[in-house]
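Overview (structure and organization)
Here are the chains, one letter per residue:
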Amino acid sequence: MPEPVAPDVVRALSTVLAPLGRLQGLERLTGGMFATTYRAHLDDGSRVVVKTAPTATERLLTYELDLLRTEAEVYRLAADRPDLLMPAVLLTDLSRTELPTDVLVASHLDGIPLIDAGELPPPVADAVQRQLGGLMARLHTVHGDHFGYPNRATGLHAPTWPEAFSRMVSALLDDARRWGTPLPEDEIRAALLRHASALAEVRTPSLVHTDLWAGNLFVDPSSGALTGVIDTERSVWGDPLLELVGADQTGRGPVPAALLEGYAEAGGFLPLGTPSGDARLLLYRLSMALVLLVEIGPRGYVGDWVDAHRATAEGNLRAALDALGGRGPGTDAPGR
């Protein structure tokens, strides 16, 4: 049974959607852990996706300020790039008058979320990974004019990647102190300083989705063809290597060979197997572990799964710090 939508939300979204048509039905979609998403049915028979940001802004991490505006910006950047497989922006309401939050309305994608496709036969799973690699390579041909988060209001941007990435990590450490999350802060800052030269090799701000896990990918259930990509709100102007971590947020092993093949076939290059590339991938795994740990508090996660989730993130953080500190980059190459 779909979760019922509160009458006041239905009334507010009816007003927001009026330029597109009369609202005939609204159902809440599940699966996301940040925004609230609905499928809206209009009187002309069409369906659109409506997304609203959290209203409890005091529980947001620093980088999560106005994330829905970033999502709309990235979708618009992809408007003339159908090969990026993103929805079209149909409407935004940033007035916060009908609802006390931003609203994004986007086109409804074909296919089903990859996470709902079940266990795929190995050849199909490899084909999806290869398509994902190609998508990443195409995405990374979109370039910006600064590094860091597109929304400059966060303050997490800079002219260089080492500066921007350092600000992004520092913000997570500040959030950790605010929410009482214990972290080896001195070790983390030392790792950033130790490998700043590796970060400095990134000189072009590429568009990085950072969240290309199976819940944000749509596939054709009959063929396994990749048909869509959603949830670009966490996108960053940065290093393409960061994408590999967003696609496997708790992993610490080799990157799937099929994904790397697809990336190369689409004309992209990732410097895995080099001291600089391996160090950067470890730094990004470190930062992802920080996100997973710090968000536990403000999200109010509960349930039997939380302890295992925390342990995995703590283990990944420790492994990245050990590799970045004692042995040095490249001695246990994570990309091979």
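Before reading further, recall that the structure is shown in the block above.
Given the structure is predicted, the values throughout are model-derived calculations rather than measurements.

So, the overall build of the protein
Scanning the protein from terminus to terminus reveals 11 helices and 12 strands. Compactness check: the protein gives a C-alpha radius of gyration of 20 Å against a globular reference of 20 Å for 336 residues, within 12% of the reference. Principal axes of the C-alpha set define a box for the protein whose edges measure 60 × 45 × 45 Å. Scored against the burial criterion, the 336 residues of the protein give a buried share of 51%. Looking at the protein as shown, the accessible area adds up to about 15,000 Å², and 53% of this sits on carbon and sulfur atoms. Taking the 29 positively charged and 43 negatively charged side chains of the protein as two groups, their mean positions are separated by 4 Å.

Examining the pairing of strand β3 (residues 47-52)
Judged from the six bridges that link them, strand β2 (residues 36-42) and β3 form a sheet pairing that is antiparallel. Bridged to arginine 39 within β3 is valine 49. Adjacent in sequence and paired antiparallel, β2 and β3 are bridged by four residues, among which glycine 45 carries a positive phi angle near 90°. Across five bridges, β3 lies against strand β5 (residues 103-107) in antiparallel orientation.

Considering the sheet that holds β3
Sheet architecture is open: five strands sit in the order β1-β2-β3-β5-β4, paired in antiparallel fashion. Two strands lie at the open edges of the sheet, namely β1 (23-29) and β4 (89-93), each paired on one side alone. Looking at each pair of strands side by side, their axes are set apart by 20° on average, direction ignored. Packing of helix α1 (residues 7-17) onto the sheet brings it into contact with β1, β2, β3, β4 and β5, and relative to β1 it is tilted by some 120°. Its contacts with the sheet place helix α2 (residues 67-77) against β3, β4 and β5, and it is angled at close to 30° to β5.

Quick word on unusual backbone geometry
Residue aspartate 66 is not a glycine yet carries a positive backbone phi of 55°. The topology assignment puts aspartate 66 in the loop between β3 and α2. At aspartate 231, a position not held by glycine, the phi torsion is positive, near 55°. Here aspartate 231 shows up in the loop between β11 (226-229) and β12 (236-238).

Rules of the game
Residues numbered from 1 in each chain as written. Predicted model: local features only at pLDDT ≥ 70, side-chain atom pairs only at ≥ 80, totals over all residues. Heavy atoms only, no water. Helix = DSSP H or I, 4+ residues; strand = E, 2+ residues; numbered from the N terminus. Rg over C-alpha atoms; globule rule 2.2 N^0.38 Å. Buried < 20%, exposed > 50% of the residue type's maximum accessible area, 1.4 Å probe, protein only. Areas by Shrake-Rupley, 256 points an atom, 1.4 Å probe, with all protein chains shown as cover. Lys, Arg positive; Asp, Glu negative; His and termini not counted. Charge placed at Lys NZ, Arg CZ, Asp CG, Glu CD. Pairing = 2+ DSSP bridges. Axes fitted to C-alpha atoms, helices over the stretch in contact; angles between N-to-C directions. Contact = heavy atoms within 4.5 Å.

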